[in-house]
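# Residue-level structure breakdown
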Amino acid sequence: NGFDLAQYRLRAATDRAAGLEEGWRVLADGVFQGNPAGERMLLWYMGAAAIGASEDDALDAITTRLERLAREHEDEVARSYAGFLRGARLIDAGDARAGLVMVLEAANRVFAQDDPLARITAAGELCSAYIAADLAQTALEHCHRYRRLAQASGDAVFMARADYLDASALSRAGQPQQAIERWQGARQHFLALGLKGLAARTAGSMAGDLIIIERHAEALAMAQEALDAAIAVSSPISMAISRGVRADALVGLKRYDEAQTELDQALALVAPMEQPLLLGDLLQTQADLLLAVEGDSPRAREVQARALALKDTGMHLGDGQELESLELKFREREQQLQIRELETEKRAQELALEQARLEAERSEAALARQRQVMWAVGILILALIAGLAVVIRLLRAQRRLAEALRVQAYRDALTGIPNRRALNELAGALLPEPDSEERGHVLMMTDLDYFKSINDRYGHPFGDQVLATVAELLQSLVPATALVTRMGGEEFALLCPDLGKAGAIELASSIRRAVGSLVLESRGERVLVTISIGVAVFGPGTRDFSAWIRAADAALYRAKAAGRNCVELAAD
Ligand SMILES: Nc1nc2c(ncn2[C@@H]2O[C@H](COP(=O)(O)OP(=O)(O)OP(=O)(O)O)[C@@H](O)[C@H]2O)c(=O)[nH]1
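Reading guide: rules and limits
- Residues numbered from 1 in each chain as written.
- Predicted model: local features only at pLDDT ≥ 70, side-chain atom pairs only at ≥ 80, totals over all residues.
- Heavy atoms only, no water.
- Near = heavy atom within 4 Å.
- Polar contact = N/O pair within 3.5 Å; in protein donor to acceptor, adjacent residues only side chain to side chain.
- Helix = DSSP H or I, 4+ residues; strand = E, 2+ residues; numbered from the N terminus.
- Nonpolar A, V, L, I, M, F, W, Y, C, P; charged D, E, K, R; others polar.
- Disulfide = S-S within 2.5 Å.
- Buried < 20%, exposed > 50% of the residue type's maximum accessible area, 1.4 Å probe, protein only.
- pLDDT = per-residue confidence, 0-100.
- Pairing = 2+ DSSP bridges.
- Patch = residues over 30% accessible without salt bridge, like charges linked within 9 Å, V, L, I, M, F, W, Y side chains within 5 Å.
- Areas by Shrake-Rupley, 256 points an atom, 1.4 Å probe, with all protein chains shown as cover.
- Salt bridge = Lys/Arg side-chain N within 4 Å of Asp/Glu carboxyl O.
- Axes fitted to C-alpha atoms, helices over the stretch in contact; angles between N-to-C directions.
- Parallel < 35°, antiparallel > 145°, perpendicular 65-115°, else oblique.
- Left-handed = near helix turned anticlockwise from the far one by under 90°.
- Contact = heavy atoms within 4.5 Å.
- Phe/Tyr/Trp six-rings, centres within 6.5 Å; stacked < 30°, edge-to-face > 60°.
- Expected span 1.5 Å × (residues − 1).

## What about the site of the ligand?
- In the vicinity of the ligand there are 16 residues, among which Phe451, Asn455, Asp464, Arg486 and Arg564 approach most closely.
- Within the contact set of the ligand, an oxygen atom lies 3.2 Å away from a side-chain nitrogen or oxygen of Glu490.
- Here an oxygen atom of the ligand and a side-chain polar atom of Lys560 are 3.1 Å apart.
- Those elements that provide at least two residues to the shell around the ligand are strand E1 (442-448), helix H19 (451-458) and helix H20 (460-477).
- If you tally residues by element for the shell around the ligand, the top one is H20, at four residues.
- Considered class by class, the residues forming the shell around the ligand number four nonpolar, four polar and eight charged.

## So, the state of the cysteines
- Counted according to the given criterion, the structure contains one disulfide.
- The disulfide bridge from Cys127 ends at Cys143, spanning 1.9 Å between sulfur atoms. Because the torsion about its S-S bond is 55°, the bridge between Cys127 and Cys143 counts as right-handed. In this pair, Cys127 is assigned in helix H7 (residues 116-132) and Cys143 in helix H8 (residues 136-153), connecting sequence segments 16 residues apart.
- Taking the relative accessible area as the measure of exposure, Cys143 reaches 1% and is therefore buried.

## Quick notes on the confidence of the model for the chain
- This prediction gives the chain a mean pLDDT of 90; 97% of its residues lie at or above 70.
- For this predicted complex, the interface score ipTM comes out at 0.96, while the overall pTM is 0.54.

## Quick notes on the pairing of strand E3 (residues 491-496)
- With six of six residues buried, E3 is to be regarded as a mostly interior element.
- Residues Glu491, Ala493 and Leu495 line one face of E3 and the alternating positions Phe492, Leu494 and Cys496 line the opposite face, and both faces are buried.
- In the sheet, E1 pairs with E3 via six bridges, with the strands oriented antiparallel. Across the sheet, residue Met444 finds its bridge partner in E3, namely Leu494.
- Two elements, strand E2 (residues 483-488) and E3, share five bridges in a ladder whose sense is antiparallel. Bridge pairing in E3 places Val484 opposite Leu494.
- The antiparallel hairpin formed by E2 and E3 contains two residues in its connecting segment, where Gly489 sits at a positive phi of about 55°.

## Quick word on unusual backbone geometry
- The phi dihedral of Ser54 is positive, around 55°, even though this residue is not glycine.
- Relative to the helices and strands, Ser54 resides in the loop between helix H3 (36-52) and helix H4 (56-73).
- With phi around 50°, Asn565 is a residue other than glycine that occupies positive phi space.
- Considering the arrangement of structural elements, one finds Asn565 in the loop between helix H22 (545-561) and strand E7 (567-569).

## Thoughts on a nonpolar patch on the surface
- A cluster of nonpolar side chains, contributed by Val373, Val377, Ile381, Leu382 and Ile385, occupies part of the molecular surface with about 470 Å² of accessible area.
- Note on placement: Val377 falls in helix H17 (residues 321-409).
- Judged by relative accessible area, Val377 falls into the partly exposed class, the value being 43%.

## Focus: the packing of H7 against helix H9 (residues 156-172)
- Running from N to C, H7 and H9 cross one another at 20°; their axes reach a closest spacing of 9 Å. Classified by the angle their axes make, H7 and H9 are roughly parallel. For the crossing formed where H7 meets H9, the hand is left-handed. Of H9, the residues touching H7 (which contributes Leu117, Ile120, Gly124, Glu125, Cys127, Ser128, Ile131 and Ala132) are Phe158, Arg161, Leu165, Ser168, Ala169 and Arg172.
- Each residue belonging to the contact of H7 with H9 can be placed in one class, and the counts come to eight nonpolar, three polar and three charged.

## Topic: the packing of aromatic side chains
- Counting across every chain of the model gives eleven aromatic pairs.
- Note on Tyr146 and Phe158: the rings are 6.3 Å apart at their centroids and 80° apart in plane angle, and the pair reads as edge-to-face. Of the two residues, Tyr146 sits in helix H8 while Phe158 sits in helix H9, which places them twelve residues apart along the sequence.
- Residue classification places Tyr146 among the buried positions, given a relative accessible area of 1%.
- Judged by relative accessible area, Phe158 falls into the buried class, the value being 9%.
- Three or more aromatic residues joined by ring pairs make a cluster, and in this case those are Phe3, Tyr8 and Phe32.

## Some details on helix H14 (residues 256-270)
- Taking 1.5 Å per residue, 15 residues should reach 21 Å; H14 reaches 21 Å between its end C-alpha atoms and fits that length.
- Looking at the packing, one finds that the buried side of H14 touches helix H13 (236-252) and helix H15 (276-294).

In C-alpha cells form, the structure reads like this:
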C-alpha cells in the first residue's frame, strides 16, 4: 500500500505525539483496509508511542482496536500486543503486580505462536515490564534473552533497544558504571540510525547514573540535551523527567536555587499525570534539596515520607504466587521452544551434513571419472607413440626390403654381379646416337665351353663354383668403366665403353687365356675350363641395343662353331 511501516516506527519513537496523530490519520484513510497484519504493526507502534507519551486515552483506543482485530481475525499476536500495552500502562500507574501478570500472559500466548518477530517483541516487553516494576534482577534475565533474539534478527532498532533496556535494568540493579556503558552503546546505535531524539532521551537516562557516580557536570549537560529534545517534540513527561534529573545534578553541584526552579517546573508537569513512581522520584529530589538547604527540618521529613510512600505503592506486588506460576509457565514454554529450535537446528545440520556428504561423493566420483579418462588418454597417447614407432620401423623395413629387392632385381644371385636387366638399362643410357662419332664402345658375349659336361661330371654345386670363379676373373680383367653381367646359364656379357676394336681384341684374348689357365680341382682331378668370345664394336650398322647383342651373339656362335676356346669379331 506504499506506507513504510519501518520508517513510521522510527518517526513514532522519536516524536510520539506526531506519530500518534499520523497513525490515526492513516487508519482513518483506510490505508490498512484488508491488511490486518499491517494494521496490527501500525497499532503496536502507535501503542508504544502512547505509553511513552503517557497518552492514556489514546492507549485505550489503540488497545481496543487491537483486541477487535484479534477477535475478527483470531489473531493471538494482536491480542498479546494489546496485553503488553495494558500491562505496561498498569505498571506505570503503580499496579505492578496486575501489569506484570498481564504482560506475562501475553508473552506466554506469543511464545505459543510461530511468529519470530512477535517473540522478539514479547521478550522486549517482559524486560521492559520488569524494569518498570523495579524488579531489576528478573529484568536483567529477560533483557539478556531479548538481546540474544535482537542480535539474531540483525535488526538495528532492536539492537539499540536491547542496549537501552539493558542499561535501564543495570541502572535499576544499582550498577551505574555498567549501565553507563550500555547507555553509550544505545546512544551510538540511535545516532547511527539518525535518531537524534532517541539519542538525546538516552543521554537523559544516562545522566541519572552519572549523578550516582558523582559526575554531576556531565549529568547536567546530558539532561539538558534530553530536555531540549523533549521540548522539541513537546513531550511533557520527557520534559518532567529531564528537569528532575537536572535538578538532581544541580543539587549535587550545590546550585540549589537553580535546582529548585527545575524541580518546580518538573512537578508542575507531572501534577496532572498519574505517574506515582516519577512523582516519587521528584519528591525524593525535593527532600534531598530541602535537607541540603535547611538541614533536618519537619518540611524535609514530610516530603521524604511522601516520596517513600509513593515509591512503595509503585513497587508493591502483593501476593507474588500468581506471578511466580506465570513466570514458571513462561520459562517452561521458552524451554520447549528452545528444544524445538535446537531440534530444528539439529535437523538442518543433519541435512546440511547429508548434502555435504552427497556433494563429496559426487565430486569424488567426478574425480575418479576424470582420472579414468586421463588414464585412458595417457594409455592412448602411449599406444599411439608405440604404434607410430612400429609404423616407422615397418616403413623403414619396407624401404630396406624394397631397396634389397631392387638391388636383387639387378643382381645375379649366384655370382653377385649385375644381371641381364642391369645390362639392358645401363646399355640404354650408354647407347650413343646412331650417327654419333663415338664408335669405340664394345660389347662381348662370352660362353663357357661344354659346361653341361662339367655339371654332369663334377656335380651342379661345382658348376656353380666355376661360374662364380669365372665371374670374379672377368671383373678383375675388364677396365674400371666396363660392366660385367651374367646373361643366364654359363653366358656372360661385357660392356666396355670406349675400348675400341684393337683394345677389344686384346682384352678378349687375355680373358680367353686367363680362363683357360684357371686352376680348378674337383674329386682330386684338375678341371679345365675354356671360354668362347664374340666381340661386336658399336658401328654404323648397329641401330639399337638388340641389334648390337645380336651381332655379338652371332660372333659368339661363330667362335663356338670354329671349335670353341677362341675369339670372333663381328662384321662392321
Ligand atoms: N652348375 C650350373 N649349371 C648351369 C647353370 N645354368 C645353366 N647350367 C647348365 O649349363 C649347361 C649348358 O649346356 P649347353 O647349353 O648344352 O652347352 P655346353 O654344354 O656348354 O656346350 P657348348 O655351349 O655348346 O659348348 C646345362 O647343362 C645347364 O644345366 C647354373 O647356374 N649352374
